[in-house]
Amino acid sequence: MGFPASSNSPTQYIYLVHNLIEQCLVFNLSKEECMEALSKHADINPLVTSTVWKELEKENKEFFEFYRKRTETRKENADVLLSFPSGV
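To start, this report covers the structure provided alongside it. Predicted model, so just to flag it, every value in this text is computed and none were measured.

### Digging into the overall build of the protein
Here is step 1 of the chain: Per the secondary structure count, the protein includes four helices and zero strands.
Here is step 2 of the chain: Helices (α) and strands (β) of the protein occur, in sequence order from the N terminus, as α-α-α-α.
Here is step 3 of the chain: Within the protein, buried positions represent 24% of all 88 residues.
Here is step 4 of the chain: Of the contacts formed within the protein by residues at least 6 apart in sequence, a portion of 49% connects residues at least 24 apart.
Here is step 5 of the chain: Here the protein has roughly 6,700 Å² of accessible surface; of this, 57% comes from carbon and sulfur atoms.

Printed below as a string of structure tokens:
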């Protein structure tokens, strides 16, 4: 498996993916949205993103439980707002 030119080792590559995932969290992206964004914009294999995300979840269970609930609530609220007719 080749690594991007900016990364000289698997450890550096994983660290890069870790940092990019943190940026996804800042933008309140779900795991799936993050996988898609990193694949599209950073050419990161979604399997790599998923694996690193899972490891972060293991290390930070409470944070990710809260984060998941918060992002689900925001999505539900957005769905409700989008269901209103325009002009209301």
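Now that the structure has been shown, we can carry on.
### Observations concerning the packing of aromatic side chains
Here is step 1 of the chain: Taken as a whole, this structure holds four aromatic pairs when the rule is applied.
Here is step 2 of the chain: Arranged with centres 5.8 Å apart and planes meeting at 20°, the rings of Phe63 and Tyr67 form a pair that is stacked. On the criterion of helical spacing, the pair formed by Phe63 and Tyr67 is a turn pair, its members being four residues apart in helix α4 (residues 61–83).

### Observations regarding the packing of helix α1 (residues 10–26) against helix α3 (residues 46–59)
Here is step 1 of the chain: The interhelical angle for the contact between α1 and α3, taken along N-to-C directions, is 75°, at an axis separation of 10 Å. With respect to their mutual orientation, α1 and α3 come out roughly perpendicular. Counting all contacts with α1, which are made through Tyr13, Ile14, Val17, His18, Ile21 and Leu25, the residues of α3 involved are Val48, Thr49, Val52, Trp53 and Leu56.

### As for unusual backbone geometry
Here is step 1 of the chain: Of note in this structure, Asn28 is not a glycine but carries a positive phi near 60°.
Here is step 2 of the chain: Tracing the chain through its elements places Asn28 in the loop between α1 and α2 (31–42).
Here is step 3 of the chain: The partly exposed category is assigned to Asn28, whose relative accessible area is 25%.

### Describing the side chain of Glu57
Here is step 1 of the chain: In this structure, Glu57 sits in helix α3.
Here is step 2 of the chain: At a separation of 2.6 Å, a polar atom in the side chain of Glu57 contacts the side chain of Arg68.
Here is step 3 of the chain: Once residues within four sequence positions are removed from consideration, Glu57 is found in contact with Phe64 and Arg68.

### Re the packing of α1 against α2
Here is step 1 of the chain: Between α1 and α2, whose axes approach to 10 Å, the crossing angle comes to 120°. With respect to each other, α1 and α2 are oriented oblique. Along this stretch, α1 crosses α2, giving a crossing that reads as right-handed. Together, Leu20, Ile21 and Cys24 of α1 and Cys34, Leu38 and Ala42 of α2 make up the contact between the two elements.
Here is step 2 of the chain: Of the residues contributing to the contact of α1 with α2, the split by class is six nonpolar, no polar and no charged.

Basis of the calculations
Residues numbered from 1 in each chain as written. Predicted model: local features only at pLDDT ≥ 70, side-chain atom pairs only at ≥ 80, totals over all residues. Heavy atoms only, no water. Helix = DSSP H or I, 4+ residues; strand = E, 2+ residues; numbered from the N terminus. Buried < 20%, exposed > 50% of the residue type's maximum accessible area, 1.4 Å probe, protein only. Contact = heavy atoms within 4.5 Å. Areas by Shrake-Rupley, 256 points an atom, 1.4 Å probe, with all protein chains shown as cover. Phe/Tyr/Trp six-rings, centres within 6.5 Å; stacked < 30°, edge-to-face > 60°. Axes fitted to C-alpha atoms, helices over the stretch in contact; angles between N-to-C directions. Parallel < 35°, antiparallel > 145°, perpendicular 65-115°, else oblique. Polar contact = N/O pair within 3.5 Å; in protein donor to acceptor, adjacent residues only side chain to side chain. Left-handed = near helix turned anticlockwise from the far one by under 90°. Nonpolar A, V, L, I, M, F, W, Y, C, P; charged D, E, K, R; others polar.

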